Amino acid sequence: MGVSRGGFSSRFGFIMAAAGSAVGLGNIWGFPTQTASNGGAAFVLVYLVLAFCLAYPAFMAELLIGRYGQANAVSSMQKIARNTWQKRFGFVVGFGGIICAALILSFYSIIAGWMMSYAIEPLARLAGFAGAADWLINHSLIRNILFTAFFMGLTIFIIRRGVEEGIEKWSKRLMPMLIGLLILLIIYVFTLDGAREGFNAYLNPDISRVFEPDLLISALGQAFFSLSLGTSVMIIYGSYIAKKENLVTLGAQVTLIDVSIAFLAGLLIIPAMYVAQAQGVAIFAEDGSLISGSNLVFTVLPALFSGMGDVGLFVAFGFFVLMSIAALTSSISMLEGPVSYVVERHDTPREKATTFIGLGILVLSILIVINLEWMLDFVATLSTQYGQPIIAMLCCVFAGWVWHRSDILSEIKQGNEHVEHSLFWKIWPWYTKFVCPTAIGLVFWHSL
Ligand code: PHE
């Protein structure tokens, strides 16, 4: 770990930061919404299998590339390359990931801004400012711009402080808060009428749906988004891990936390939907399909909270604070990708690079806010449905075909001396070489 570029000071710090990146709106909003629209428990089952069988190996490839390179995504990839063509390939994959992270941040910060305004609304109502409270949950242009800028400001504030004082310190504070809040909310929702029915829908799979192509595609996309793959983020976080750490275990722990929190979020949201239904809020459209994703969080849940009377204000506050925290620990990782690149490749001070890039992305966010109807969907689709799978696939190709097997082994052996005889080393190399790129490619092709 180069002293000048910083690094995580502890194993716990890395786990909180990487899990912080992985756990975000994708887990707490995306996963339950997808579960509800894709046959409940069947989706959960497929997601769990794909997360461990496809996303985890790809995640390991990114972490390993980063720890080997000890540098930003582009330099790390190029360090592995041995000729000009491989170096160019490395550049395309590394830089592509950085652009992808910046694009995701540009729309993610808008949605995170909504979460923050919805978190402040109950406070305004409690304080008796009904007008301000209404303004906070009205989707006006000014409100959207202000809260997007506010959220981006927080992201910039943390990243300017660097790895240990910024990313690690804040992830260690925010992640335990997030887990605590999530558990409290689940316990509360479980005491309400209708929760049991939701619990059943969530946990009893309809096995006949497990092999539906659309379900498989959604589950794989969700798993890749959730582990922040194909965005250079895990390469750069990998580069901040000390050589003495056991990467195989660390990667598995982060995957486990990510999947568990998605699972817990489902345990909160799906029963909450049924509670809302028991209170007369419409959650399914007339044809039996789920009312769309954004309605779920911004219409159905607030309706549920307001049905609870004064307690509902506190629950609403807790829920949207939870969402905002989850979003913030993810957004900092997205900004770190481009920042580390500019700092290391263009010899720019971190503070300056962070402010400059953060503001640049904010300009793009404002453009999206102004053209919300078409641009939000466009940028989200471009970056998450095209960018992420393509780049994640190329990362696996790079690790599997460009990087020498013996060099990979000597990298993993640091911190894990006996890895050569482990199940991981028996499976992972050929898995990354053949199975991951083929499976990702097939699913991607099918989704087109
Ligand atoms: N994994 C985050 C989530 O689930 C989103 C994310 C994507 C973070 C890409 C970083 C990079 O919300």
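Residues numbered from 1 in each chain as written. Predicted model: local features only at pLDDT ≥ 70, side-chain atom pairs only at ≥ 80, totals over all residues. Heavy atoms only, no water.

A. Expanded view of the nonpolar core. In terms of nonpolar packing, the biggest core is built from 160 residues, with Phe14, Met115, Tyr237, Phe305, Phe319, Phe320 and Met323 touching the most fellow members. Excluding residues that lie within four positions of it along the chain, phenylalanine 305 makes contacts with Gly312, Val315, Ala316, Phe319 and Phe320. (Core = buried A, V, L, I, M, F, W, Y, C linked by side-chain atoms within 4.5 Å. Buried < 20%, exposed > 50% of the residue type's maximum accessible area, 1.4 Å probe, protein only. Contact = heavy atoms within 4.5 Å.)

B. How the structure looks around the environment of alanine 353. For alanine 353, the position within the fold is in helix 15 (residues 350-370). Excluding residues within four positions of it along the chain, alanine 353 makes contact with Val339, Val342, Val343 and Thr348. (Helix = DSSP H or I, 4+ residues; strand = E, 2+ residues; numbered from the N terminus.)

C. Main features of unusual backbone geometry. Phi at glutamine 70 is positive, roughly 50°, even though this residue is not glycine. The backbone phi angle of serine 228 is positive, close to 55°, even though this residue is not glycine. Relative to the elements of secondary structure, serine 228 occurs in the loop between helix 10 (213-226) and helix 11 (233-239). Note on serine 228: relative accessible area 9%, which makes it buried.

D. Spotlight on the packing of aromatic side chains. One pass over the full model with this rule turns up 28 aromatic pairs. Judged by centre distance (5.9 Å) and plane angle (90°), the rings of phenylalanine 8 and tyrosine 240 are edge-to-face. With phenylalanine 8 in the segment before helix 1 (11-22) and tyrosine 240 in the loop between helix 11 and helix 12 (247-278), the pair connects residues that are 232 residues apart, well separated along the chain. The exposure classification of phenylalanine 8 matches that of tyrosine 240, with both residues buried. Where phenylalanine 31 meets phenylalanine 43, the ring centres are 6.0 Å apart and the plane angle is 45°; that geometry is what we call tilted. (Phe/Tyr/Trp six-rings, centres within 6.5 Å; stacked < 30°, edge-to-face > 60°.)

E. Looking closely at the site of the ligand. Residues in close proximity to the ligand total 17 residues, the closest being Ala22, Gly26, Tyr108, Phe225 and Ser226. Here serine 228 contributes a side-chain N or O atom positioned 3.2 Å from a nitrogen atom of the ligand. Protein chains bury 100% of the 320 Å² of accessible surface belonging to the ligand in isolation. Residue classes in the shell around the ligand are distributed as seven nonpolar, ten polar and no charged. (Near = heavy atom within 4 Å. Polar contact = N/O pair within 3.5 Å; in protein donor to acceptor, adjacent residues only side chain to side chain. Areas by Shrake-Rupley, 256 points an atom, 1.4 Å probe, with all protein chains shown as cover. Nonpolar A, V, L, I, M, F, W, Y, C, P; charged D, E, K, R; others polar.)

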